[in-house]
Amino acid sequence: MRRNSSPVNGQTTRVIAPGRVNLIGEHIDYNGLPVLPVAIDRGLEVTFRGSDDSVISCVSRDERFDPVRFSLSETIERGPPGHWGNYVRAAGQALCRARGPLRGFEAQIVSSLPIAAGLSSSSALVVGIALAIIAENGLEFAPRELMILLAEAERYVGTAGGGMDQATILGGRHGHALHIGFDPLVLLPIPVPDSWRIVVASSLVPAAKSGAARRVYNARVEECRQALAEVARTLGEPVPDYVTLRTHWDTSVLLDVGKGALDDLHHRRFRHVLTEADRVTGAVEAMRRCDLVGFGRLMVASQVSLREDYEVSCPDLDELVDCSLAAGAAGARLTGAGFGGCVVSLVGEEECDALLDEMWTEYYLPRGLAEQGRSEVLFVARPSAGARVEEVTA
Ligand code: GLA
């Protein structure tokens, strides 16, 4: 990540950090397995002006978020759990640990991403602040180094997340989905066929990753580790990681072993992880041959697995998925961590308007939403470029 010109203290600069929608490959990034998200054309902007000291002050244009102020250091005290400022602090602490004492700034944050909707507004904030610190201090990072650093950085808030969000937000490519492997971190852009439309629809159920969902999220991470350790032990595999296991054994063999070695809960978690990883492979092939129907089928199977085996869906998400499929989507599923948040649907361009109208009528109107709020909760997301830094000229 390079800044085009040298930092000038006092100059106004803007970072644009997109949100992301995961098309398929849910809850497997923290198991080291590949995922297939896109960066989208909504995100947040951090407009900042450098200061002479180490203080970061941030205000959000959204009045629900009170101002944040702290000094950059290697040990930054956390705010209350679930507070948005913790994502700002997370970036600051990680960069100080990596690069020593740093100068701060005054920033204003404006977001076009729904909050707590599974579209990675929190990781966009971590990335946005990190790029602002990097620009202000004239630091240089290789892209993958920064992706890994910021994935670790975000764990500051207490969620044991994987690396999908930070990699997507930094590495997004216009018109492309990203096949992201984590072992090692490799991003492979795959063109999204021009006639495909990605529809994002909010369930209207908030899903704050650092709030109530955090405990359940971390429990899933732990359950996957336990299942892996038990199956690896049964197979006599010395290296207990999912990538190695999948390299050495077929999914059907692993599932048979898992059925014998694991209790019902761990077997279902294990089954989700392995079958979801296979679905990602199938989805990449479907995207490459422009097979909308085939891709859609895999999304539907993913949703079933997330609902039944992984238990991260909820009645509103299930209803919204059904609504989308009934309205003509080729596929639909929850996106992000789940427990609320958004559904991602895939539809051909010709059917897209009808799908949007029917979803609006069937899901949102009965819930009393007004037409002027429609584009906040139901929209077409375009695969977009990753985060960038710009000088503000005016
Ligand atoms: C959150 C995490 C990601 C990923 C998804 C679920 O968005 O930040 O790392 O685990 O949930 O796929």
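A brief report on the enclosed structure follows. All of these numbers come straight from a predicted model, not from anything done at the bench. (Residues numbered from 1 in each chain as written. Predicted model: local features only at pLDDT ≥ 70, side-chain atom pairs only at ≥ 80, totals over all residues. Heavy atoms only, no water.)

## Brief notes about the overall build of the protein chain
Point 1. Each helix and strand counted, the protein chain has 12 helices and 12 strands in total.
Point 2. For a compact globule of 394 residues, the expected C-alpha radius of gyration is about 21 Å, and the protein chain comes in at 21 Å, within 12% of that figure.
Point 3. Projecting the C-alpha coordinates of the protein chain onto the three principal axes gives extents of approximately 60 × 55 × 40 Å.
Point 4. The burial tally for the protein chain puts 58% of its 394 residues in the buried class.
Point 5. Put simply, of all contacts in the protein chain between residues at least 6 apart along the chain, 72% involve residues at least 24 apart. (Helix = DSSP H or I, 4+ residues; strand = E, 2+ residues; numbered from the N terminus. Rg over C-alpha atoms; globule rule 2.2 N^0.38 Å. Buried < 20%, exposed > 50% of the residue type's maximum accessible area, 1.4 Å probe, protein only. Contact = heavy atoms within 4.5 Å.)

## Here's the deal with the sheet that holds strand β9 (residues 331-335)
Point 1. In space, the four strands of this open sheet follow the order β9-β10-β8-β11, with antiparallel pairing throughout. Either end of the sheet is taken by a strand with one partner, and the two such strands are β9 and β11 (378-381). Strand-to-strand, the axes of this sheet are offset by a mean angle of 30 degrees, without reference to chain direction. (Pairing = 2+ DSSP bridges. Axes fitted to C-alpha atoms, helices over the stretch in contact; angles between N-to-C directions.)

## With respect to the pairing of strand β4 (residues 68-71)
Side chains on a regular strand alternate between the two faces of the sheet.
Point 1. Only one face of β4 is buried, namely the one carrying Val68 and Phe70, since none of Arg69 and Ser71 on the opposite face is buried.
Point 2. As defined by bridge partners, strand β3 (residues 55-60) adjoins β4 across four bridges and the pair is classed as antiparallel. Note on β4: the bridge partner recorded for Ser57 is Arg69.

## Here's the deal with the site of the ligand
Point 1. The environment of the ligand is made up of 12 residues, and the closest members are Glu26, His27, Asp29, Asp165 and Tyr217.
Point 2. Among the residues forming the shell around the ligand, the class breakdown is four nonpolar, three polar and five charged. (Near = heavy atom within 4 Å. Nonpolar A, V, L, I, M, F, W, Y, C, P; charged D, E, K, R; others polar.)

## Quick look at the sheet that holds β3
Point 1. Strand order in the open sheet formed by six strands is β4-β3-β5-β2-β1-β12, with mixed pairing between adjacent strands. Each edge of the open sheet is held by one strand with a lone partner, namely β4 and β12 (388-391). With direction set aside, neighbouring strand axes in the sheet form an average angle of 25 degrees.
Point 2. The sheet contact formed by strand β1 (residues 12-24) and β12 spans four bridges and is antiparallel.

## Some remarks on the side chain of Gln303
Point 1. Locating Gln303 in the fold gives a position in helix α9 (residues 292-308).
Point 2. Judged by its relative accessible area of 3%, Gln303 falls in the buried class.
Point 3. Residues in contact with Gln303, not counting those within four places in the same chain, are Ser313, Asp318, Val321, Ala332, Arg333 and Leu334.

## Overview of the state of the cysteines
Point 1. All told, the structure shown has zero disulfides when counted by the stated rule.
Point 2. Unpaired in terms of disulfides, Cys96 finds its nearest cysteine sulfur in Cys58, a separation of 14 Å. (Disulfide = S-S within 2.5 Å.)

## With respect to the pairing of strand β5 (residues 105-111)
Point 1. As paired elements, strand β2 (residues 36-50) and β5 share seven bridges and run antiparallel to each other. Looking at β5, one finds that Gly50 is bridged to Phe105.
Point 2. As defined by bridge partners, β3 adjoins β5 across five bridges and the pair is classed as parallel. Considered in β5, the bridge of Cys58 is made with Ala107.

## Quick word on the pattern of salt bridges
When charged atoms on two side chains of opposite charge get close, those side chains can pair.
Point 1. Taken as a whole and judged by the stated rule, the model has 26 salt bridges.
Point 2. Between Glu45 and Arg14 there is a salt bridge, with the nearest N and O atoms lying 3.5 Å from each other. With a gap of 31 residues between them, Glu45 in strand β2 and Arg14 in strand β1 connect regions that are remote in the sequence.
Point 3. For Arg14, a relative accessible area of 23% translates into the label partly exposed.
Point 4. A salt bridge links Arg246 to Asp278, with the nearest nitrogen and oxygen atoms 2.7 Å apart. Remark: Asp278 occurs in helix α8 (residues 264-288) and Arg246 occurs in helix α6 (residues 242-248); sequence separation between them is 32 residues. (Salt bridge = Lys/Arg side-chain N within 4 Å of Asp/Glu carboxyl O.)

## Focus on the nonpolar core
Point 1. Counting residues in hydrophobic clusters, the biggest one holds 129 residues, and the most contacted among them are Ile129, Phe270 and Phe295.
Point 2. For Phe270, the contacting residues outside a window of four places in its chain are Ala227, Val231, Tyr242, Leu245, Leu254, Leu255, Gly258 and Leu262. (Core = buried A, V, L, I, M, F, W, Y, C linked by side-chain atoms within 4.5 Å.)

## Thoughts on the packing of helix α1 (residues 85-99) against helix α3 (residues 143-154)
Point 1. Direction vectors running N to C along α1 and α3 enclose 125 degrees, while the axes themselves pass 9 Å from each other. On the basis of their axis angle, the class for α1 and α3 is oblique. The element α1 and its partner α3 pack so that their crossing is right-handed. The residues of α3 that touch α1, namely those facing Tyr87, Ala90, Ala94, Leu95, Ala98 and Arg99, are Glu145, Leu149, Ala153 and Glu154.
Point 2. Taken together, the residues of the contact of α1 with α3 break down into seven nonpolar, no polar and three charged. (Parallel < 35°, antiparallel > 145°, perpendicular 65-115°, else oblique. Left-handed = near helix turned anticlockwise from the far one by under 90°.)

## Thoughts on helix α11 (residues 349-364)
Point 1. The first and last C-alpha atoms of α11 sit 22 Å apart over 16 residues, in line with the 22 Å expected at 1.5 Å per residue.
Point 2. Considered for burial, the residues of α11 that qualify are Cys352, Leu355, Leu356, Met359, Trp360, Tyr363 and Tyr364.
Point 3. Each element contacted by the buried residues of α11 is listed here: β8 (196-202), α10 (315-326), β10 (342-348), α12 (374-377) and β11. (Expected span 1.5 Å × (residues − 1).)

## Quick notes on helix α4 (residues 164-171)
A turn of α-helix holds 3.6 residues, and therefore any two residues three or four places apart point the same way.
Point 1. With seven of eight residues buried, α4 lies mostly within the body of the structure.
Point 2. Listed in full, the buried residues belonging to α4 are Met164, Asp165, Gln166, Ala167, Thr168, Ile169 and Leu170.
Point 3. In this structure, the buried residues of α4 make contact with β1, β2, α2 (121-137), α3, β6 (176-182) and β7 (185-191).

Take it as geometry only, folks, not as evidence of what the structure does.
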